[in-house]
Amino acid sequence: MGDVTPRTLPPLSDVLPSAHVVALPLVTRFRGVTVREALVFEGPEGWTEFSPFVEYDDAEAATWLAAALDFGWNATPAAQRTSIAVNATVPAVTEDDVPAVLARFPGCRTAKVKVAERGQTLADDVARVRAVRAAWGPEGRIRIDANGAWNLDEAEQALHALAPFDLEYAEQPCASVPELAELRRRVAYMDVPIAADESVRKATDPLAVARAGAADLLVVKAAPLGGVRRALEIVRAAGLPAVVSSALDTSIGLSMGLALAASLDTLDYDCGLGTAALLAADVTREPLLPRAGSLPVGRVEVDPDLLRAHAASPERTAWWRSRLERCYSILTEDPAG
């Protein structure tokens, strides 16, 4: 992925003293979990977050640490906007649960709907998307996210079934770049744009999807791409419209995503940064919850009482601190990330 090591790599002795591991409950199951763990710490520029999903190996997680260190120790690029319009995020809930989920995103005009959930069927996806369209009427925007779970034929069938609901785009319907390129060719007549997420943030070459003509737009996340500056470079080099999204972060991590969204040269889509609405707790008294469909750009003030109230168990804290130390060693030994 190129050099993701932050310009300033602080000594580990400057990182660990302020490190806290939190375990935040979710209001509904998301990505198969009901609790989101994160390690947060404070740098000269403010609080930052290290929260790669637990199943990621150290090599992949090290890129997230590079992003966290960059955000805590370096100023962010100049902001071109002070607030960011965000979308609602609808997990793989039943159609009956859709209105309650949407109610957590006041003022939002766009919904990202999770589809292709393991153990569910296309009929479940259709019912969920139909419920969103019914709740928001014809003016609401609906995008779907399959997280690469469909094969090529399944994706084509699913888009046929979901196209009547007027999709804004389909995010990562297939896993591979060649599949995305072929699907984009097959469904061009339906006017459903294809967005790439995992094909950017989990790829050795994040620009391959753009060169292959396999996507109409990119979904970018600051942490998995090595930080705000690195993600901004990728978007500019790709030459495609971008949507900034989150990885179910605390409000600290969301503030990193907002810094990225604020620095983009153009921002034509609502961003997936409203996911604090899916958390039942946070690390700040002023969580980054959508108001009038938007979030303000800026750093987050952390509340020490909330850090204590939501502290992870000693075992989980030790696991995260050990993980941070291993990832730090990777950044130190291999500056290329």
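Structure: above.
Here the structure is a predicted model, which means the values were calculated and not measured. Within any chain, residue numbers begin from 1 and follow the written order of that chain's sequence. Note on the predicted model: pLDDT of at least 70 is required for a residue's local features to be given, and 80 or more for side-chain atom pairs to be given and counted; whole-chain, interface and lining totals, by contrast, use all residues. Hydrogens and water molecules were not included; the side-chain quantities draw on all heavy atoms of the structure.

Participant: What is the right way to look at the sheet that holds strand S6 (residues 110-114) in this model?
Facilitator: Sheet strands associate in pairs through backbone hydrogen bonding, adopting either a parallel or an antiparallel arrangement. Two strands make a pair as long as DSSP finds a minimum of two bridges between them. Helix and strand definitions follow DSSP, with helices as H or I runs of at least four residues and strands as E runs of at least two, each counted in order from the N terminus. With parallel pairing, seven strands are arranged side by side in an open sheet as S5-S6-S7-S8-S9-S10-S11. Edge positions in the open sheet fall to strand S5 (88-90) and strand S11 (242-244), since each of these has one partner strand only. Averaged over all neighbouring strand pairs, the angle between strand axes comes to 25°, with direction disregarded. In the sheet, strand S9 (residues 194-196) pairs with strand S10 (residues 217-220) via two bridges, with the strands oriented parallel. Within the sheet, the bridge partner assigned to Ala 196 lies in S10 and is Leu 218. In this analysis, two residues are considered to be in contact whenever any of their non-hydrogen atoms come within 4.5 Å of each other. Lines are fitted to the C-alpha atoms to define the axes, a helix being fitted only along its stretch in contact, and any angle between axes, read from their N-to-C directions, falls within 0 to 180 degrees. Set on the sheet, helix H4 (residues 122-136) makes contact with S5, S6, strand S7 (141-145) and strand S8 (167-171); between it and S6 the angle comes to about 165°.

Participant: Just checking my understanding: could you explain H4 for this structure?
Facilitator: For an α-helix, the turn length of 3.6 residues means that residues three or four places apart are oriented alike. Look at H4: 21 Å from first C-alpha to last across 15 residues, which is about the 21 Å you get at 1.5 Å a residue. When H4 is considered as a whole, its buried residues turn out to be Asp 125, Val 126, Ala 127, Arg 128, Val 129, Ala 131, Val 132 and Arg 133. On its buried face, H4 is in contact with S5, helix H3 (98-102), S6, S7, helix H5 (152-162) and S8. Directly after H4, the chain includes Gly 137, whose backbone phi takes a positive value near 75°. The span one expects for a helix is its residue count, reduced by one, times 1.5 Å. A 1.4 Å probe rolled over the protein chains alone gives each residue an accessible area, and that area as a share of the maximum for its type sets the label: buried under 20%, exposed over 50%, partly exposed in between.

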